[in-house]
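Chain by chain, the residues run as shown.
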Amino acid sequence: MAETIRTKLEAAFAPASLDIRDESSMHAGHGGWREGGETHFRVSIVSKLFDGLSRVERHRRVHDVLDAELSGRVHALTLTLLTPDEASRRM
């Protein structure tokens, strides 16, 4: 699942940075968790394609790209979506 997410996000956002973490093991026994994991992910993307977009619009675009995964196995997706300028200010 992580590789599917990576492939789709790389194609859609041409990220300068992309980090995907499967945090499913931290949610064992909680809502949406399934045996075998791959249900809860933390994703950080730095992309110039986010420039000029609100936080809500950035999230919408990622959700649109991952619609099939979010409608299926993925229960939770925590997102950090930054432009390169925003990322450099965080350092």
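Described below are features of the structure shown in this document. Note that the coordinates shown come from a computational prediction; the quantities given were computed from them, not determined experimentally.

**Concerning the packing of aromatic side chains**
Argument step 1. Summed over all chains, the structure comprises 1 aromatic pair.
Argument step 2. Each ring, one from Phe13 and one from Phe50, has its centre 5.2 Å from the other, and the planes form 40°; the classification is tilted. Highlighted residues: Phe13 in helix 1 (residues 2-13) and Phe50 in the loop between strand 2 (40-46) and helix 2 (55-65), separated in sequence by 37 residues. Accessibility assignment for this pair places Phe13 and Phe50 in one class, buried.

**Focus: helix 1**
Argument step 1. Counted at 1.5 Å a residue, the expected span for helix 1 with its 12 residues is 16 Å, and the 16 Å between its end C-alpha atoms agrees.
Argument step 2. Inspection of helix 1 places Ile5, Leu9 and Phe13 among the buried residues, and these make up the whole buried set. Looking straight down helix 1, one finds its buried side chains confined to an arc of 25°; they lie on one side. For helix 1, the exposed residues lying more than 90 degrees away from the buried face are Glu3 and Ala11.
Argument step 3. Those residues of helix 1 that are buried lie in contact with strand 1 (17-22), strand 2 and helix 2.
Argument step 4. Backbone geometry just downstream of helix 1 places Ala14 in the positive-phi region, at approximately 40°.

**Considerations on the environment of Pro84**
Argument step 1. Structurally, the position occupied by Pro84 is in helix 4 (residues 84-90).
Argument step 2. Separated by 37 residues in the primary sequence, Pro84 and Ser47 have C-alpha atoms spaced 6.1 Å apart.
Argument step 3. Not counting the four nearest positions on each side in its chain, Pro84 is found in contact with Val46, Ser47 and Lys48.

**What to know about the side chain of Glu23**
Argument step 1. Relative to the helices and strands, Glu23 resides in the loop between strand 1 and strand 2.
Argument step 2. Side-chain polar atoms of Glu23 contact the side chain of Arg42, separated by 2.8 Å.
Argument step 3. Once residues within four sequence positions are removed from consideration, Glu23 is found in contact with His40, Phe41 and Arg42.

**Brief notes about the nonpolar core**
Argument step 1. Counting 16 residues, the largest nonpolar core has Leu9, Val43, Ile45 and Val62 as the members making the most contacts within it.
Argument step 2. If you list the elements that add at least two residues to this core, you get helix 1, strand 1, strand 2 and strand 3 (76-82).
Argument step 3. When residues no more than four places from it in sequence are discounted, the contact partners of Ile45 are Leu9, Phe13, Pro15, Ser17, Leu18, Phe50, Val62, Thr80, Leu81 and Leu82.

Rules used in this analysis
Residues numbered from 1 in each chain as written. Predicted model: local features only at pLDDT ≥ 70, side-chain atom pairs only at ≥ 80, totals over all residues. Heavy atoms only, no water. Phe/Tyr/Trp six-rings, centres within 6.5 Å; stacked < 30°, edge-to-face > 60°. Helix = DSSP H or I, 4+ residues; strand = E, 2+ residues; numbered from the N terminus. Buried < 20%, exposed > 50% of the residue type's maximum accessible area, 1.4 Å probe, protein only. Expected span 1.5 Å × (residues − 1). Arc of directions from axis to C-beta. Contact = heavy atoms within 4.5 Å. Polar contact = N/O pair within 3.5 Å; in protein donor to acceptor, adjacent residues only side chain to side chain. Core = buried A, V, L, I, M, F, W, Y, C linked by side-chain atoms within 4.5 Å.

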